[in-house]
Amino acid sequence: MSADSSPNRPRILALPGDGIGPEVIAPALGVLRRLSEIADFHAEIEEGLLGGAAFEATGRPLPEETLAAARSADAVLMGSIGGPQWDGLDRELRPERGLLGLRSSLGLFANLRPAVLYPQLADASTLRPDVVAGLDLLIVRELTGGIYFGAPRGIETMEGGERRGVNTLVYTESEIERICRAAFEAARRRAGRVCSVDKANVLEVSELWREVAERVGAQYGDVELTHMYVDNAAMQLVRDPKQFDVIVTTNMFGDILSDLASMLTGSIGMLPSASLDAGGKGLYEPCHGSAPDIAGQDAANPLATVLSAAMMLRYTLDRPELADRVERAVSRVLDRGLRTRDIASPGTRAVGTAAMGRAVIEELG
Ligand code: IPM
Ligand code: MG
């Protein structure tokens with residue numbers, strides 16, 4: 001992505017995508033437009049096609065035009081992609097391939113997925129409030145390697161006609177090193193602890209991962225490094241999630257553990273994410289999927305996407321004061337008791353996607 005625009009006039013590519021994507025993107029763009037009115041910040045927002053929406057319009061989940069627009073934008077804000085109507089397509093044409101292609105073509109190897117419990121939502125978690133109160137952890141997931149991209153892959157027919165499916169888990173030292181570095185850098189700005197999650201008791205790839213993590217860790221004397229097997233990490237995340245500060249892990253382990261971590265906070269509808277390249281440019285998206293079951297019903301929680309826009313302001317656009325402002329507005333809306341369905345609890349006020357977005361915009365001032 002280009003970095004030649006001024007921080008006051010960033011060029012943002014919005015990719016609403018499928019399912020609830022367009023509904024949750026709209027409030028986030030509303031927030032950015034509102035900031036343009038009230039702060040020294042003038043985002044130029046362009047919209048593009050990705051996923052199933054792109055397939056319907058162009059026959060491909062990641063059109064050249066979208067890729068080119070993403071490359072030239074300062075940052076990309078995505079809604080969500082996918083839906084059952086595209087599940088029968090050739091794998092190459094499915095919406096998920098569009099997103100994976102974008103991550104990989106833009107070199108977005110560092111996926112930051114914070115799981116923060118808003119105190120107002122302590123009741124929305126399925127875990128006891130004392131287990132989750134004050135939760136603030138960050139999963140740093142490797143995003144452009146591992147079993148998601150390893151070759152060979154495919155479904156092949158063996159002699160005799162039986163088929164077998166093949167995927168390959170592969171990581172090079174440099175891939176491991178750069179994601180570990182991202183995790184250590186993040187830990188330095190937080191509580192200074194990294195837990196590297198692997199399966200080194202079984203997998204050679206994990207053995208190498210652990211060795212490289214140690215090597216990188218030795219350069220960060222101020223950050224504590226521990227290791228944990230992924231099965232234990234899943235258990236520990238539910239048993240005592242507050243023991244973690246930063247978790248660094250592979251693409252697939254991170255995919256699974258980040259969904260798990262999201263529910264500690266009450267709802268996946270609250271969790272933003274950033275996917276960054278080596279220069280800190282990025283794609284920002286909510287952790288949740290396209291939720292086709294509630295699409296078009298004004299029922300989705302837009303806060304994960306709004307908070308993704310805040311992460312964009314913080315990490316790529318270098319406007320931490322505006323990021324704070326958005327996050328404070330979200331917190332005030334929760335204080336007011338407004339809740340979408342996913343975070344509803346007794347005594348709160350049910351609102352739809354659009355009304356939640358309007359409330360955040362109001363609270364921005
Ligand atoms: C995520 C999603 C994606 C992934 C899918 C939609 C390809 O689950 O961002 O976590 O597996 O990375
Ligand atoms: Mg996932």
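Since the structure is predicted, the reported quantities are computational estimates derived from the model, not experimental observations.

Observations regarding the site of ligand 1
Thinking step 1. Residues in contact with ligand 1, as listed here, are Glu96, Arg103, Arg113, Arg141, Tyr148 and Asp255.
Thinking step 2. The separation between an oxygen atom of ligand 1 and a polar side-chain atom of Arg141 is 2.8 Å.
Thinking step 3. Side-chain polar atom of Asp255 to an oxygen atom of ligand 1: 2.9 Å apart, as the coordinates give it.
Thinking step 4. If ligand 1 stood free it would expose 320 Å²; the protein chains cover 77% of that surface.
Thinking step 5. In terms of residue class, the shell around ligand 1 is made up of one nonpolar, no polar and five charged.

Things to note about the pairing of strand β3 (residues 75–80)
Thinking step 1. With six of six residues buried, β3 is to be regarded as a mostly interior element.
Thinking step 2. For strand β1 (residues 11–17) and β3, the ladder comprises five bridges, and the chain directions are parallel. Considered in β3, the bridge of Leu15 is made with Met78.
Thinking step 3. Pairing between β3 and strand β12 (residues 282–286): three bridges, direction parallel. Paired with Val76 across the strands is Leu283, a residue of β12.

Observations regarding the sheet that holds strand β2 (residues 44–47)
Thinking step 1. One open sheet holds the 10 strands; their spatial order is β2-β1-β3-β12-β11-β4-β5-β10-β8-β9, and the pairing between them is mixed. Of all strands in the sheet, those with a lone pairing partner are β2 and β9 (224–229), marking the two edges. Recorded for the sheet is a direction-independent mean angle of 25 degrees between the axes of neighbouring strands.
Thinking step 2. Each of β5 (136–142), β8 (193–198), β9 and β10 (246–249) is contacted by helix α8 (residues 230–239), which is oriented at about 105 degrees to β9, the strand it contacts most.

Looking at the pairing of β9
Thinking step 1. Where β8 meets β9, six bridges bridge the pair, whose relative direction is parallel. Each bridged residue has a counterpart across the sheet, and for Val197 the counterpart in β9 is Met228.
Thinking step 2. Considered for its hand, the β-α-β crossover made up of β8, helix α7 (residues 204–217) and β9 is right-handed.

Let's talk about helix α3 (residues 64–72)
Thinking step 1. Looking only at α3, the buried set comprises Thr66, Leu67, Ala69 and Ala70. The buried residues of α3 occupy an angular sector of 165 degrees when projected down its axis, which confines them to one face. Pointing more than 90 degrees away from the buried face of α3 are the exposed residues Glu64 and Glu65.
Thinking step 2. In the core, the buried residues of α3 are packed alongside β1, β2, β3 and α4 (95–105).

Comments concerning the packing of helix α10 (residues 303–315) against helix α11 (residues 320–335)
Thinking step 1. One can describe the packing of α10 onto α11 by two numbers: an axis separation of 7 Å at closest approach and a directional angle of 160 degrees. With respect to α11, the element α10 is oriented roughly antiparallel. Helix-helix and strand crossings are classified by hand; for α10 and α11 the assignment is left-handed. Each of Leu303, Val306, Leu307, Ala310, Leu313 and Arg314 in α10 lies in contact with α11, whose residues at this interface are Pro320, Leu322, Ala323, Asp324, Val326, Glu327, Val330 and Leu334.

Cut-offs and rules
- Residues numbered from 1 in each chain as written.
- Chains lettered and ligands numbered in written order.
- Predicted model: local features only at pLDDT ≥ 70, side-chain atom pairs only at ≥ 80, totals over all residues.
- Heavy atoms only, no water.
- Near = heavy atom within 4 Å.
- Polar contact = N/O pair within 3.5 Å; in protein donor to acceptor, adjacent residues only side chain to side chain.
- Areas by Shrake-Rupley, 256 points an atom, 1.4 Å probe, with all protein chains shown as cover.
- Nonpolar A, V, L, I, M, F, W, Y, C, P; charged D, E, K, R; others polar.
- Buried < 20%, exposed > 50% of the residue type's maximum accessible area, 1.4 Å probe, protein only.
- Helix = DSSP H or I, 4+ residues; strand = E, 2+ residues; numbered from the N terminus.
- Pairing = 2+ DSSP bridges.
- Axes fitted to C-alpha atoms, helices over the stretch in contact; angles between N-to-C directions.
- Contact = heavy atoms within 4.5 Å.
- Right-handed = clockwise from strand over helix to strand, strands pointing away.
- Arc of directions from axis to C-beta.
- Parallel < 35°, antiparallel > 145°, perpendicular 65-115°, else oblique.
- Left-handed = near helix turned anticlockwise from the far one by under 90°.

The quantities given are spatial measurements derived from coordinates; they are silent on function.
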